[in-house]
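# Observations on the model geometry
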Amino acid sequence: MGKIYFPENMVIYKFLLSSPQPSSYVTMAKETTNKRKASRAPSSKKKKVVKPPTPPSSPGASDDEVDSGSEVGDSDAASSSASGDEMKKFTDSNNKWLKMKGDTSGSDSDSDSEASISQIERDAMILDKEKEEEAKEFEQDLQRQRQDQTKIFHLPTQEELEEDEDRVVPPTEIRERVEEIIEVMQDFKRRREEGRSRSEYMDQLECDLSEYFGYLPELIGLFLKMFSPSEALEFLDASDKPRPLVIRTNTLKARRKDLAQALIKRGVNLDPLANWSKVGLKIYESTVPIGATPEYLSGHYMLQSAASMCPVMALEPQPGEKVLDMSSAPGGKTSYIAQLMKNQGIIVANDLKVERQKATVGNLHRLGVKNVITCCNDGKNFPKVMGNFDRVLLDAPCSGLGVISRDQSIKVQRTVKDIERTAHLQKELLLAGIDSLNAKSKTGGIMVYSTCSVSVQENEQVVQYILGKRDVKLLDTNLKHGKPGFQRYQERRFHPSMQLTRRFYPHTHNMDGFFVAKFQKLSNKERVPQGEEAEEEVSASDDDDDEGVQMDVEVSDSESDVEVSSEKKALRAKFMSGVVLPEDDESLDSDEEEAKEEAPPKKQRWEKIKKGKKKKQEKGKKEPKSKQVAGKPKGKEQGGGKKKEKK
Amino acid sequence: MRPLTEDEMRTMFQKLSTYIGKNIQHLLQNKTEAHAFRLLKDRVYYVSESLLKSAPNLPADTILSLGTCMGKFTKSKKFKLHITSLDVLNRYALYKVWVKPSSEMSFLYGNNIPKSGLGRITDGVPQYGGVIVLSMSDVPLGFGVAAQSTEVCKELEPTGNVVLHQGDIGEYLRNEDDVF
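Residues numbered from 1 in each chain as written. Chains lettered and ligands numbered in written order. Predicted model: local features only at pLDDT ≥ 70, side-chain atom pairs only at ≥ 80, totals over all residues. Heavy atoms only, no water.

Naming follows an unreviewed UniProt entry, where chain B appears as 60S ribosome subunit biogenesis protein NIP7 homolog of Triparma verrucosa. Within the UniProt record for chain B, the comment given under Subunit (unreviewed entry) is "Interacts with pre-ribosome complex." (UniProt positions renumbered as here; feature names shortened; annotations may be inferred.)

Per an unreviewed UniProt entry, chain A goes by SAM-dependent MTase RsmB/NOP-type domain-containing protein and derives from Triparma strigata. In its Subcellular location (unreviewed entry) section, the UniProt entry covering chain A states "Nucleus, Nucleolus". Quoted verbatim from the Sequence similarities (unreviewed entry) field of UniProt, the annotation for chain A is "Belongs to the class I-like SAM-binding methyltransferase superfamily. RsmB/NOP family."

Here it is as structure tokens:
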């Protein structure tokens, strides 16, 4: 019997030793000792013997009395405790109302102790069982997982899909299929279905994604080319969620700390934007409209997305400079520039549309910006309108593929054709912007190009085109967050310095999709497309990375034009080539000229390129001349052909 | 874009002087950089010299605004101050009125300021003198004319007007199209 009791006894003993203060158990023990100090039976379980001879009606009072009792040797006494006989007697007389503390079941003290043992055992068994079950479940899970991983997902065939056409397929089903396909794509070798090709899976994925998210299929195709399937899914998911509302403190009028306090007083819940911005505040929720508080009206802050602060930070305008913002409406970036310039120097805020510029004028006045000339010109006219800027910012019009969460209509309205069209416009604007820069500026000569699109056509390809066209190099944007630009996209390979450009994504940065590139203009020279042009065009779509680099060196060596405008260039070309070029009259436009250079038929061009690669150093002025002559008759046609090839 | 004629100058200065009095000379002899007034499509702009030098490079008909817009000449050749001039006015203002937070919003919706909303007022404001209205935390909210002189204001009943509204920063939202 003693043995049986032993474990429980031990527990109590330990408990008493470890507990410095008299707990309820201790008081119980004390009491038993007081009652029967003399008797020393080892077996004892005093626990339930709590009750003093006092009437059951006042258990609390008795506890108190006991507390005041002797403390010496309490623990010893407790461990030795009362004899079984006494206990029995005691418990018997009281067992109707006596209960072990915490014991819910026991009524009879003997059976009670036995029950508690078996209960412990039972508990242990239950625990064991649970553990076993868990282990089993875990194993089953593993197996299931293994099965899942090796299970072959059945890709619906053409016929099955046709059958499905009649019924409405629930979105959850599509989503499931999308996820299955993505899983298969990650381990295609093992998990593909016999006889189905990767492109079949991709087609189905594209089709499902466009249906599930409501995009035009060609846009989904575009994203799938840029991202891995799982990343594309993340991107599409993130594009459906709204971005947090962000405001920028206008340091011309307020400090961020004061502004935050004032807004919190009005019941706005906000936080600093991120560690890379000293002026941004993120708004979680607000009881007042953020665009109509007295602070907003008095110009202490501007509503501006996190992404659109980045290009200005990359631009780093200095006080006293002359800066051009080529597409300024509605004035968020312009006012940020003014704020960084401390209202000194000159900013020309240009935008094509008068209606949009009205908002710019309002915002700039509200924010207390005083050094801006607001105007409405076509950005493409720019070096003619005004030039010699220290810094130029071009936030180009774009397809908006990075801001789908703001404008859902982009999903169905943009087509690949649109993207090509905007890319063309962007190239024109960027050329104009670079031409309006003063390369000799002591502090600047910086051009920043940004778009709110993620497509490569509007970003890397535009930058690549400019690198080949003007004497510029890419600079680090100093934006530590953000991912480096692509250096390869499908069959295209870009200049190695393309990694200095920055991309921002909704799914990784919780910002709008954005692209920022920063150029330094090295000289006012133009890279006139001569013999090298053809070569470079090809190298862009060639696998040869080094080609681009070599090109750079070569071009800046061989060309020494100082003209800025295309007319002058044309005149100079005439002069250089002397008698040979009577056709110049018709082509004053740089585009046409370029077309002319592209003129030799494809085969011929390839041969020349090959030749060119071999004897790059020998390249003299003769070659371009002969090319021009050769190409003359077919000029325009070939130009068209080249454009196609590029895009 | 052209400089103001003598007449226009006089009309405008008359208006300005109700708010900033003789401080107009500080406007004309700005210590940091020389500034001048220019007229562009009825609007008068307060422009720094460096902007003035660059502006002619741009085609005149494409310029929408430069520097700070002070106000415009109406068809009847009167001068109307715009809210965009608030920064300049506030800097040189003679008379100021501070408005209690409770009636701040009411003023920003274009209402006059009653005595009950009056927090503080500069001493010695004459009746119909131009005042700048600020919030209790010194943020400029707009401008107007004093309906009563400071002395009379003290004995005014709570509903009586202290400042008659002329312009407030709420206009940036309310009539963006008219002002710019």
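Back to the text.
### Let's talk about the pairing of strand β9 (residues 130-135) of chain B
Each regular strand displays side chains that alternate between the two surfaces of the sheet. Residue and element names in this part refer to chain B. Among the six residues in β9, six count as buried, and that is most of the element. Side chains Gly-130, Ile-132 and Leu-134 of β9 all project onto a buried face; the interleaved residues Val-131, Val-133 and Ser-135 project onto the opposite face, where all are buried too. Here four bridges tie strand β6 (residues 96-99) to β9, and the two strands are oriented parallel to one another. Its bridge partner lying in β9, Val-97 is registered against Val-133. One ladder, built from five bridges, connects β9 with strand β10 (residues 140-146); its direction is antiparallel. Within β10, the residue paired with Ile-132 across the bridge is Phe-143. Adjacent in sequence and paired antiparallel, β9 and β10 are bridged by four residues, among which Asp-138 carries a positive phi angle near 65°. (Buried < 20%, exposed > 50% of the residue type's maximum accessible area, 1.4 Å probe, protein only. Helix = DSSP H or I, 4+ residues; strand = E, 2+ residues; numbered from the N terminus. Pairing = 2+ DSSP bridges.)

### Describing helix α11 (residues 217-226) of chain A
Residues and elements named next belong to chain A. With seven of ten residues buried, α11 lies mostly within the body of the structure. Of the positions making up α11, those classed as buried are Leu-219, Ile-220, Gly-221, Leu-222, Phe-223, Leu-224 and Met-226. Against the buried residues of α11 lie α10 (198-213), α12 (229-240), α19 (410-413), α20 (416-435), β12 (488-489) and β14 (502-504). (Contact = heavy atoms within 4.5 Å.)

### Regarding the interface of chain A and chain B
One widely used convention gives an interface's size as the accessible area the parts lose upon coming together. Counting residues at the interface gives 31 residues for chain A and 29 residues for chain B. Across the chain A/chain B interface, buried area totals approximately 2,500 Å², and carbon plus sulfur atoms make up 68% of it. For the chain A face of the interface with chain B, the top three residues by lost area are A:Leu297, A:His365 and A:Ile373, together amounting to 26%. Across the chain A-chain B interface, the total number found is three salt bridges. Between B:Asp87 and A:Lys370 there is a salt bridge, with the nearest N and O atoms lying 4.0 Å from each other. Elements supplying a minimum of two residues to the side of chain A that touches chain B: α14 (294-297), β6 (346-350), α17 (354-366) and β7 (372-375) of chain A. The element best represented in the side of chain A that touches chain B is α17(A), accounting for eight residues. Tallied by class, the residues present in the side of chain A that touches chain B amount to 16 nonpolar, ten polar and five charged. (Buried area = accessible area lost by both parts, 1.4 Å probe. Salt bridge = Lys/Arg side-chain N within 4 Å of Asp/Glu carboxyl O. Nonpolar A, V, L, I, M, F, W, Y, C, P; charged D, E, K, R; others polar.)

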